[in-house]
Amino acid sequence: MARMSKRTYELQVAVAMSLYMVLIVLVWPLSRQDGAVWLKTLYALIPVVPVVYVIGLMAQRIVRSDEFEQRMHLIGLGVASAVVSIMTLIAAFLALAKLFTLEWAAIALMWVFPLMMITYSAARGYATRRYGGDGCDEGVTGWPAYARFVFIGVTLALLAAYAYYVRRSEELTSLVLGMACGIVVVGGFLWIRKWMRSRNP
Amino acid sequence: MDAQPQPMNNHVRELREQRGWSQGELAERLDVSRQTINAIETSKYDPSLPLAFRIAKLFRQHIEEIFEP
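For clarity, every value in this text was computed on a predicted model and none was experimentally measured.

Engineer: Would you explain the confidence of the model for chain B in this entry?
Structural biologist: The predicted coordinates should not be examined in detail at positions where pLDDT is low. Here chain B averages 90 in pLDDT, while 93% of its residues score no lower than 70. For this predicted complex, the interface score ipTM comes out at 0.85, while the overall pTM is 0.77.

As structure tokens, then:
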């Protein structure tokens, strides 16, 4: 089976995740308004569609990878599973102890997928570098990795501002702003790493 | 518990350079990623048997002439 082009994969993921964020901010809030149960359910679950598509893309990419890449994917997914399992267990115990509200527990659940992706990418990048590869290369646009992360983070921050000022939704704002901050921090870390490498070739 | 075995040494880089191929070109010929070639050449990763046979066939050598413990 032919290997999947990185460009194709990254473009499709970028489009799907952009759609995910737009649906979260523009469509999902409609599920909290009065209306028929089936319609509210549809509005509530529609952001799941692009996520399922991305998971399908990842599965395809892994199946079409070579043996070395599959080992790196395995390491990444293993670490991500362990980290996310522990974090959700912690959140569950805290919620059961009523140390935070059910609504915040629901928000924490929404972080399972992003946390899984972040941990998987970081672990896979680290493992690839240990084996002599590049953990994070230029990607589709030719921008350095840190620039892409900062761009995405700033875009999400603008979306969070929309969620706050237009939608008046604190939960959405905190979710999107949290993602934006996390992504900008990762971008900052990548910039520092690039700078340190340029000083010590 | 036994210690994890060390990856084997190999002559893939020499054979590639003799033919004037880049890592990317060799990766394309073997239908693997450039990172895989780099990992093999730096002895950080041992290829599977099918891949080792494909490498040997590409370079027209026996496996034992390319990979050694």
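Don't stop here, the text continues.
Engineer: Hey, could you run me through the nonpolar core in this one?
Structural biologist: The nonpolar side chains of soluble globular proteins are, as a tendency, buried together. The biggest cluster of nonpolar side chains holds 25 residues, and the ones touching the most others in it are Tyr9, Tyr20, Met21, Ile24, Leu156, Val176 and Met179 of chain A. Elements supplying a minimum of two residues to this core: α1 (6–26), α3 (48–63), α6 (112–130), α7 (145–165) and α8 (170–199) of chain A. Here this core gets 7 residues from one element, more than from any other, and that element is α1 of chain A. Contacts of Leu156 of chain A, omitting those with residues within four sequence positions, involve Met21, Val176, Met179, Ala180 and Ile183 of chain A. Tyr131 of chain A together with Trp21, Ala27 and Ile63 of chain B belong to the second largest nonpolar core, which has 23 residues in total.

Engineer: Sorry if this is basic, but what is going on with the interface of chain A and chain B here?
Structural biologist: The interface of chain A with chain B comprises 12 residues on the first partner and 15 residues on the second. Both sides together, the interface formed by chain A and chain B hides about 1100 Å², and carbon and sulfur atoms give 44% of it. Contact with chain B buries surface across chain A, with Glu67, Phe68 and Tyr131 of chain A losing the most and accounting together for 46% of the total. For the interface between chain A and chain B, the tally reads 0 salt bridges. One can count 4 residue pairs in polar contact (both at pLDDT 80 or more) joining chain A with chain B. For the side of chain A that touches chain B, the secondary structure elements donating two or more residues are α4 (67–96) and α6 of chain A. In terms of residue class, the side of chain A that touches chain B is made up of 2 nonpolar, 3 polar and 7 charged.

Engineer: So what exactly am I meant to see when it comes to the environment of Phe151 of chain A here?
Structural biologist: Its location among the elements puts Phe151 of chain A in helix α7. C-alpha of Phe151 of chain A to C-alpha of Ala180 of chain A: the two residues are 29 residues apart in sequence and 9.7 Å apart in space.

Engineer: Help me understand unusual backbone geometry in this model?
Structural biologist: Where the residue is not glycine, phi is negative for most of them; where a peptide bond is considered, it is trans in most cases. All names here are of chain B. With a phi angle near 55 degrees, Ser43 is a residue other than glycine that sits in the positive phi range. By secondary structure assignment, the location of Ser43 is in the loop between α3 (34–41) and α4 (49–59). The phi torsion at Arg60 lies on the positive side, around 55 degrees, for a residue other than glycine. Examined against the element boundaries, Arg60 turns out to sit in the loop between α4 and α5 (63–66).

Engineer: What is the right way to read α3 of chain A from this model?
Structural biologist: Within an α-helix, residues lying three or four positions from one another point in the same direction, as the helix has 3.6 residues per turn. Residues and elements named next belong to chain A. Under the 1.5 Å per step criterion, the end-to-end length of α3 is 23 Å for 16 residues, consistent within 8% with the ideal 22 Å. Within α3 the residues assigned to the buried category are Pro50, Val51, Val54, Leu57, Met58, Arg61 and Ile62. End-on view of α3: buried residues confined to an arc of 135 degrees, all on one side of the axis. Residues of α3 that are exposed and angled more than 90 degrees away from the buried face: Val49, Val52 and Val63. Here the buried face of α3 lies against α1, α4 and α6.

Engineer: How should a nonpolar patch on the surface be read in this particular structure?
Structural biologist: Residues Ile75, Val79, Val83, Ile86, Met87, Ile90, Leu94 and Leu99 of chain A make up a contiguous nonpolar surface patch of about 650 Å² in total accessible area. Among the secondary structure elements, Met87 of chain A is positioned in helix α4.

Engineer: Can you help me understand the environment of Phe113 of chain A in this one?
Structural biologist: All names here are of chain A. Topologically, Phe113 is positioned in helix α6. Sequence-wise, Phe113 and Val49 are 64 residues apart; in three dimensions their C-alpha atoms are separated by 13 Å. Setting aside anything within four residues of it in sequence, one finds Phe113 in contact with Met17, Val51, Val54 and Ile55.

Engineer: Hey, could you run me through the confidence of the model for chain A in this one?
Structural biologist: Of the residues in chain A, 94% have a pLDDT of 70 or more, and the chain-wide mean is 84. Every residue in residues 136–140 of chain A scores below 50 in pLDDT, and together they form 17 contacts with partners more than four places removed in sequence or on other chains.

Engineer: It is not clear to me how the side chain of His73 of chain A should be interpreted in this structure. Could you clarify?
Structural biologist: Residue and element names in this part refer to chain A. Structurally, His73 is set in helix α4. Owing to a relative accessible area of 3%, His73 belongs among the buried residues under this scheme. In this structure the side chain of His73 is engaged in a polar contact, spanning 3.4 Å, whose partner is the side chain of Ser65. If sequence neighbours within four positions are ignored, His73 has contacts with Arg61, Ile62, Ser65, Tyr120 and Arg124.

Engineer: What should I look at first to understand the side chain of Thr173 of chain A in this one?
Structural biologist: Residue and element names in this part refer to chain A. With respect to the helices, strands and loops of the structure, Thr173 is situated in helix α8. In this structure the side chain of Thr173 is engaged in a polar contact, spanning 3.3 Å, whose partner is the backbone nitrogen of Tyr164. For Thr173, the residues in contact, after removing those within four places along its chain, are Ala160, Ala163, Tyr164 and Gly178.

Cut-offs and rules
- Residues numbered from 1 in each chain as written.
- Chains lettered and ligands numbered in written order.
- Predicted model: local features only at pLDDT ≥ 70, side-chain atom pairs only at ≥ 80, totals over all residues.
- Heavy atoms only, no water.
- pLDDT = per-residue confidence, 0-100.
- Core = buried A, V, L, I, M, F, W, Y, C linked by side-chain atoms within 4.5 Å.
- Buried < 20%, exposed > 50% of the residue type's maximum accessible area, 1.4 Å probe, protein only.
- Helix = DSSP H or I, 4+ residues; strand = E, 2+ residues; numbered from the N terminus.
- Contact = heavy atoms within 4.5 Å.
- Buried area = accessible area lost by both parts, 1.4 Å probe.
- Salt bridge = Lys/Arg side-chain N within 4 Å of Asp/Glu carboxyl O.
- Polar contact = N/O pair within 3.5 Å; in protein donor to acceptor, adjacent residues only side chain to side chain.
- Nonpolar A, V, L, I, M, F, W, Y, C, P; charged D, E, K, R; others polar.
- Expected span 1.5 Å × (residues − 1).
- Arc of directions from axis to C-beta.
- Patch = residues over 30% accessible without salt bridge, like charges linked within 9 Å, V, L, I, M, F, W, Y side chains within 5 Å.
- Areas by Shrake-Rupley, 256 points an atom, 1.4 Å probe, with all protein chains shown as cover.

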